[in-house]
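# Observations on chain architecture
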Amino acid sequence: MQIVVCVKQVVDPEMPHSAFRVDPEQKRVVPPPGTPPVLSPFDQNALEAALQIRDRLGAKVIAVSMGSSLARPVLSRTLAAGADELILLEDPSFRDLDSFAAAGVLAAAVRKIGEVDMVFTGRQSSDWDSGITGCVLAEELGFPCITVASKVEIADGQVRVERVIADGFEVVEAPLPCVVTIDSALGELRQVTLQALSAARKKPLRLWKAADLDLPPLPPPRCELLDLFVPKRETNCEFMDGDTPGAAAARLAERLREEGLL
Amino acid sequence: MILELKDYLDDMKRCARCSLCKWPPLAQMKSWRFSNNCPSIARYNFHTYSGGGRMALGLALAEGRLDTITDELLNIVYRCTACGACDSSCKYNAELEVLWPIYSTRAHLAGMGYFLPEHSMIIDSLRKEDNTLMKPKADRGKWAEGLGVKDLSKGEKAEVVYHAGCLYCYDPELSAIARDTVLLLKQAGVDVGIRGSQETCCGSTAFQLGFQGEFIKFAESNIDDWNAAGVARVVTSCACGFGIMKSVYPLLGRQMKFEVLHITQYLDELLKQGKLRFSRSFPARVTYHDPCNLGRKSETYVPWKGTEKKVLGQFILREPEKAVSRGWNGVYEPPRDIIRSVPGIQFVEMERIMEYSWCCGAGSGVKQTMNDLALWTASERIAEAKSVGGEAIVTACAWCEQNLKEAVRQTGGNLMVYDIVELVRQAL
């Protein structure tokens, strides 16, 4: 069995608030010095899902990441955690792709890998939170897609998935090969040991450029980013007076109604 | 932000490759044997390992002249204890910033996602357990069990909060020193409390490794917690913690409503006030090792912004005037005064002391990631202590003590290594 896990390098969502900056001209988040990118948290859950299946049934787990400038030490963590191989899809033309184009590149990579039984992605990335790439990737590959999975099991050539829904979970089955997007409810990525970090240096790391992929022309962006800004948060505190608590409460209700909040 | 490589472009460009960063100033040099000041260049003997070489490397990085970041480059960048000796030596003659470009180079690389794999474990531990040692957060306050000391995290109030620091909390041998410290403070009548399991790392290791974002989170959280606790003084045994609280915390722009003291300063004060008195003799020939973070690196750093003008073709005049941290105002006398006041002790200085002190080798994550460099550096210090007839070496930093002890064990010597609190406890 061969499992591909798509992992994205993102700006650290846990960076200190005071260090967070947006460049309104470039419409980009400015990563502060000394704050390395990280693996998108849901993609870490996706890798854990693949490793759990590998532990139970035996499989080759291949981590794939795409971008224009990928940080090896960050992405090598996938190998240290247990992935058998890491493929970096790195090319200047892969800079700032939207979810549809990104899914096209990832699909080309999956096709190049060959026999793939499952593809895991995070339910969404922590930078743009679109949650589109996994579904479009399935569409590109012609695979069924199950989203927001909290548990994944494989038996008799079928995948059985527990999906998180608003009031609990539902169970869905699909034939292999398929794409599953993983939720944090599946569990955190396992702890990495120092020995595993050393061993990861000997695992295969491949670099594929755009020219190495049988890539159709990338679709034009379907979304246009009009503006990017940190919303202003204002807090005004007003005390309601009244001769009695009841009168103060009545005054409060009036004020809330005036503001259109009631 | 604090660590911006581009802020140091002028310093890096102005480095004349004079190599004075590699040795203590000539006037301070006492012998050929102990004439090095930088463990990294002394051990590896290739210019890039020196302060000046690191400036050249930082400049190349800032100007985008490095196409690829190789493992070897990262090894060079992190084979440095960031002890700041290069900075003090350079400033004896010039006014170049050397240490902060080193920090900023690391922050620049970390921002690009380049660091050593071992660093990711240290940072993971910080994010999950609030310490750099991969120990459970819940166990942090266990060292103080049975002491009956106030726990500020449970709403109790105290005038002084004792911040033990990661190593003192988790290392069993060093925890005994933290317990002794609390007992000493209580004996002196100090209204002291701790933060138990809520105490967190000071962020020093993250800062020195270049993980500025992680550092800021811990620093801001500590400042806010101590302000909220209403303490007048924060006293710490951790020299790294003291150094970072004094030198870098003030740059974050948060009001610090408390005074930061290292335990050596506080014990010195209590001894001079007569609240603690020595009654026993300690007959030994003892020398003192200055921890870098307690000494030259504990001066509050003042970033300079302004204009530079070259006059007479070579002199640089700055407007406004630049405050230069030369390491002169570190904590040097309090620990020495404590040692000198112990009855029966014969205090002797080593050759490289105070702002020109030789590092123990453990700093800046080197102990955790490159123990060979850490132990070689410590063995050099042990040789220096022996050369002046020292029977014991006293220090005031958990990392220094741990590293020096390991090096003594490895080299099979008979030099005793003491934490200054151990010395005080034995002499009371």
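Residues numbered from 1 in each chain as written. Chains lettered and ligands numbered in written order. Predicted model: local features only at pLDDT ≥ 70, side-chain atom pairs only at ≥ 80, totals over all residues. Heavy atoms only, no water.

Take the overall build of chain A next. Summing up its helical and strand segments, chain A has seven helices and 13 strands in all. Principal-axis analysis of the C-alpha atoms places the extent of chain A at approximately 75 × 45 × 40 Å. Within chain A, the fraction of its 262 residues that count as buried is 44%. Considering only residue pairs separated by 6 or more positions, chain A has 72% of its internal contacts joining residues 24 or more positions apart. For chain A, the accessible surface area stands at approximately 14,000 Å², while carbon and sulfur atoms represent 51% of it. (Helix = DSSP H or I, 4+ residues; strand = E, 2+ residues; numbered from the N terminus. Buried < 20%, exposed > 50% of the residue type's maximum accessible area, 1.4 Å probe, protein only. Contact = heavy atoms within 4.5 Å. Areas by Shrake-Rupley, 256 points an atom, 1.4 Å probe, with all protein chains shown as cover.)

Take the overall build of chain B next. Summing up its helical and strand segments, chain B has 18 helices and eleven strands in all. Each principal axis of the C-alpha distribution contributes one length, and for chain B these read about 60 × 50 × 40 Å. Counting only residues that meet the buried cut, chain B has 62% of its 428 residues in that class. Sequence separation of 24 or more characterises 78% of the internal contacts of chain B that already satisfy a separation of 6 or more. Accessible surface, chain B as shown: approximately 16,100 Å² in total, 50% of it carbon and sulfur. The average position of the 52 basic charges and that of the 50 acidic charges among the side chains of chain B differ by 1 Å. (Lys, Arg positive; Asp, Glu negative; His and termini not counted. Charge placed at Lys NZ, Arg CZ, Asp CG, Glu CD.)

Residue and element names in this part refer to chain B. Two elements, strand β7 (residues 307–311) and strand β8 (residues 315–319), share five bridges in a ladder whose sense is antiparallel. Counted as the bridge partner of Val311 is Phe315 from β8. In this structure, the hairpin formed by β7 and β8 is closed by a connection of three residues, where Leu312 is found at a positive phi of approximately 55°. (Pairing = 2+ DSSP bridges.)

This part covers the sheet that holds strand β10 (residues 392–395) of chain B. Residue and element names in this part refer to chain B. On the basis of which strands lie adjacent, the open sheet formed by four strands has the order β9-β6-β10-β11 and parallel pairing. The open sheet has two free edges, formed respectively by β9 (346–347) and β11 (416–419), since each of these has just one partner strand. Bridge analysis of strand β6 (residues 285–288) against β10 gives three bridges, and the strand direction is parallel. For Thr287, the partnering residue across the bridge sits in β10 and is Ile393. The strands touched by helix α14 (residues 333–341) are β6, β9 and β10; relative to β6, the strand with the most contacts, the crossing angle is about 175°. (Axes fitted to C-alpha atoms, helices over the stretch in contact; angles between N-to-C directions.)

Let us look at the interface of chain B and chain A. If you look at the interface, chain B gives 25 residues, while chain A gives 25 residues. Both sides together, the interface formed by chain B and chain A hides about 2,000 Å², and carbon and sulfur atoms give 55% of it. Counting across the chain B and chain A interface gives three salt bridges. Notably, a salt bridge pairs Arg127(B) with Asp12(A), separated by 2.8 Å at the nearest N-O pair. Taken together, the connections running from chain B to chain A amount to eight residue pairs in polar contact (both at pLDDT 80 or more). Every element with two or more residues in the side of chain B that touches chain A is listed here: α6 (99–111), α7 (117–129) and α11 (212–229) of chain B. (Buried area = accessible area lost by both parts, 1.4 Å probe. Salt bridge = Lys/Arg side-chain N within 4 Å of Asp/Glu carboxyl O. Polar contact = N/O pair within 3.5 Å; in protein donor to acceptor, adjacent residues only side chain to side chain.)

Here the focus is a nonpolar patch on the surface. Residues and elements named next belong to chain A. Taken together, the side chains of Leu252, Leu256, Leu261 and Leu262 define a hydrophobic patch exposed on the protein surface, amounting to about 390 Å² of accessible area. Relative to the assigned elements, Leu262 resides in the segment after α7 (245–258). On the accessibility criterion, Leu262 (62% relative accessible area) is exposed. (Patch = residues over 30% accessible without salt bridge, like charges linked within 9 Å, V, L, I, M, F, W, Y side chains within 5 Å.)

All names here are of chain B. Enumeration over the complete set of coordinates arrives at zero disulfides over all chains. In this structure Cys166 is a free cysteine whose sulfur lies 3.9 Å from that of Cys201, the closest cysteine sulfur available. Since its relative accessible area comes to 9%, Cys166 is described here as buried. Of all cysteine sulfurs in the structure, the one in Cys166 sits closest to Cys169, which takes part in no disulfide; the separation is 7.0 Å. Overall, the relative accessible area of 5% leaves Cys169 in the buried class. (Disulfide = S-S within 2.5 Å.)

Here chain A is described as being made up of domain 1 (2–212) and domain 2 (232–262). Taking only C-alpha atoms, the centre of domain 1 of chain A and the centre of domain 2 of chain A are 48 Å apart. (Domains from an automatic or database assignment.)

Moving on to the layout of surface pockets. For the second largest pocket, the calculated volume is near 690 Å³. Forming the walls of the second largest pocket are 28 residues, and the residues nearest its centre are Val38(A), Gln44(A), Arg77(A), Asp124(B) and Arg127(B). Elements with a minimum of two residues in the lining of the second largest pocket: β5 (38–39), α1 (41–57) and α2 (72–75) of chain A together with α7 of chain B. Counting residues per element, the lining of the second largest pocket draws most heavily on α7(B), at five residues. For the lining of the second largest pocket, the residue count by class is 14 nonpolar, five polar and nine charged. (1 Å grid on protein atoms, 1.4 Å probe; cavity = no way out; pocket = protein on both sides within 12 Å on 5 of 7 lines; lining within 4 Å. Points joined across faces, edges and corners; volume = space filled by probe spheres on them. Nonpolar A, V, L, I, M, F, W, Y, C, P; charged D, E, K, R; others polar.)

Within the secondary structure, Ser88(B) is located in helix α5 (residues 85–93). Filtering out sequence-adjacent residues up to four positions away, Ser88(B) remains in contact with Arg296(B), Arg326(B), Gly327(B), Glu355(B) and Tyr356(B).

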